[in-house]
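Chain residues, written in single-letter form:
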Amino acid sequence: MTKQIIQSICLIIVISLLAFSWATIENITFIKTVDAKATKATKALFDNLKRNAGKQVLFGQEDALAYGVEWKEWNKSRSDIKDVCGKHPSLVGWEMSKLGQGPLNIDSVSFKHMRGWIKEIYKIGGVNTISWHMDNFVTGSDSWDVGEKVVTTILPGGKHHAAYKAKLDLFADYLKSLKVGFIFQKPIPIIFRPFHEHTGGWFWWGRPHCTAEEYKTLWHFTVDYLKNEKQVHNLLYCYSTDVFKDEADYMEFYPGDDYVDILGLDDYHDLSVKGKSEDLVRRLRLLVEMAEQRGKVPAFSETGQEAIPDEKWWTERLLNPIKSDPVASRIAYLMVWRNARKNHHYGPYPNHPSTRNFLTFSKDNWLVFEGRIPDLYRIHR
Ligand code: BMA
């Protein structure tokens, strides 16, 4: 080959690479996430959740792979959901409480093994979401200790601000350790759902214990610190209230469109024995409308009924009311809480009376389990 031909080939390769990376940048900037520098996979996840919302709803469970009712194994790919229907959930929730205080979180899940399960879920194409029942910075007790005001003390200038930043530093390190790939390691996208259920009063960040301004300031600081100071770029941010009355109520503590990717709702009340599915549907309709108006993702971020006393709960209380409503059904995912023990579980386990009904539920095409997960980590437009 002459020198000229080699030079031409090199030039073509360089031009193609430049064109390819330009096209990639173009695609990414199209997708508006809180973190403008979010990784391509993180942006793709946001875009795909938004575009698939309602067509296919991911089914999730907290801690699904870590343990179930009467078992705990870290080296097997097991979940109660899989034991019952043959497939893992397509979304799994994880909890950061006690990070940095020892090897285990508040529910005795090892942070080290959690990293492995997060990778496993990502590798099957599923989604990971993280919540944080953060300890009380004033008393050193847990997140349910609401005796003293905490939020102002951890804001910039507050007595415990440095301690709060130190927690975020640990979190950033943990997030950065969630990587896949051999030579070019890429961080796994995560949905982060801090300071949840603040419309209730049971956590120190709840409505009775801080003002809307303080809550928003805390949210803004947290997001800015993670993305700007710590250069964490694999997060989507989910704001999730407990039950709310109307749009104004939902929005009272809302940190703003620039700080939220996913609008969530945690609702156990409307799905309990005394709850009404009309109330659930009304709230989900509002949630979907608020999210769609803002170009955000609507999510049913937590639900369930403890110990599932109603054998037909899965189809009668959860699936049918939501799926049959043209607006409420446009959520991207729903997640039930953890399977801790026989009197504290929100998913089925083998031989539980709701198992048969769960099988029917799991076969509904609207719901997504392992094996039917759409490609969420590539941009499709
Ligand atoms: C609560 C309960 C607790 C648990 C906490 C954090 O709803 O399940 O047992 O410690 O969540 O995961």
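So, a few notes on the structure that sits alongside this text. As the structure is a prediction and not an experimental result, all values here were calculated from the model.

Thresholds applied
- Residues numbered from 1 in each chain as written.
- Predicted model: local features only at pLDDT ≥ 70, side-chain atom pairs only at ≥ 80, totals over all residues.
- Heavy atoms only, no water.
- Phe/Tyr/Trp six-rings, centres within 6.5 Å; stacked < 30°, edge-to-face > 60°.
- Helix = DSSP H or I, 4+ residues; strand = E, 2+ residues; numbered from the N terminus.
- Buried < 20%, exposed > 50% of the residue type's maximum accessible area, 1.4 Å probe, protein only.
- Lys NZ or Arg CZ within 6 Å of the ring centre and 35° of its normal.
- Polar contact = N/O pair within 3.5 Å; in protein donor to acceptor, adjacent residues only side chain to side chain.
- Core = buried A, V, L, I, M, F, W, Y, C linked by side-chain atoms within 4.5 Å.
- Contact = heavy atoms within 4.5 Å.
- Salt bridge = Lys/Arg side-chain N within 4 Å of Asp/Glu carboxyl O.
- Axes fitted to C-alpha atoms, helices over the stretch in contact; angles between N-to-C directions.
- Parallel < 35°, antiparallel > 145°, perpendicular 65-115°, else oblique.
- Left-handed = near helix turned anticlockwise from the far one by under 90°.
- Nonpolar A, V, L, I, M, F, W, Y, C, P; charged D, E, K, R; others polar.
- Near = heavy atom within 4 Å.
- Areas by Shrake-Rupley, 256 points an atom, 1.4 Å probe, with all protein chains shown as cover.

## As for the packing of aromatic side chains
Using the criterion set out here, one finds 33 aromatic pairs in the structure. Centroid distance Phe137 to Tyr164: 5.7 Å. Interplanar angle 85°. Geometry classified as edge-to-face. Of the two residues, Phe137 sits in the loop between strand E3 (127-131) and helix H5 (151-154) while Tyr164 sits in helix H6 (residues 161-176), which places them 27 residues apart along the sequence. Residue Tyr164 is classed as buried on the basis of its relative accessible area, which comes to 0%. With 4.8 Å between their ring centres and 85° between their planes, Trp314 and Phe358 make a pair best called edge-to-face. Of this pair, Trp314 sits in helix H10 (residues 313-323) while Phe358 is found in helix H11 (residues 355-362), placing the two residues 44 residues apart along the sequence. A cation sits over an aromatic face here: Arg294 above Tyr254, 5.6 Å from the ring centre.

## A closer look at the environment of Asp145
Within the secondary structure layout, Asp145 lies in the loop between E3 and H5. Along the backbone, Asp145 and Trp204 are 59 residues apart, and their C-alpha atoms lie at a distance of 6.4 Å. At a separation of 2.6 Å, a polar atom in the side chain of Asp145 contacts the side chain of Thr139.

## Examining the nonpolar core
Judged by nonpolar contacts, the single largest core of 120 residues is most densely connected at Phe171 and Phe300. Excluding residues that lie within four positions of it along the chain, Phe171 makes contacts with Met96, Leu99, Ile130, Trp132, Phe192, Leu226 and Leu235.

## Some remarks on the pattern of salt bridges
Scanning the entire structure with this criterion turns up 23 salt bridges. The closest approach of N and O atoms between Arg330 and Glu292, which form a salt bridge, is 2.8 Å. Of the two residues, Arg330 sits in the loop between H10 and strand E10 (333-336) while Glu292 sits in helix H9 (residues 277-294), which places them 38 residues apart along the sequence. Assessed through its relative accessible area of 30%, Arg330 is described here as partly exposed. In this structure, Asp310 and Arg317 form a salt bridge, with 3.3 Å as the shortest nitrogen-oxygen distance. Residue Asp310 is classed as partly exposed on the basis of its relative accessible area, which comes to 25%. Within the structure, one salt-bridge network assembled from shared partners comprises Glu73, Lys76, Arg78 and Asp83.

## A word on the packing of H6 against helix H7 (residues 212-229)
At a minimum axis distance of 11 Å, the contact between H6 and H7 shows a crossing angle of 45°. When the axis of H6 is compared with that of H7, the two are oblique. For the pair H6 and H7, the crossing hand works out as right-handed. Contacts from His161, Tyr164, Lys165, Leu168, Asp169, Phe171 and Ala172 of H6 reach H7 at Leu218, Phe221, Thr222, Tyr225 and Leu226. Here the residues of the contact of H6 with H7 are counted per class, giving eight nonpolar, two polar and two charged.

## Remarks on the site of the ligand
Inspection of the region around the ligand gives Ile106, Asp107, His133, Trp144, Trp337, Arg338 and His344 as its neighbouring residues. Asp107 is positioned such that a nitrogen or oxygen atom in its side chain is 2.5 Å from an oxygen atom of the ligand. Here an oxygen atom of the ligand sits 3.0 Å away from a polar atom, N or O, in the side chain of Trp337. Look at the ligand: alone it shows 310 Å² of surface, and the protein chains cover 76% of it. In terms of residue class, the shell around the ligand is made up of three nonpolar, two polar and two charged.

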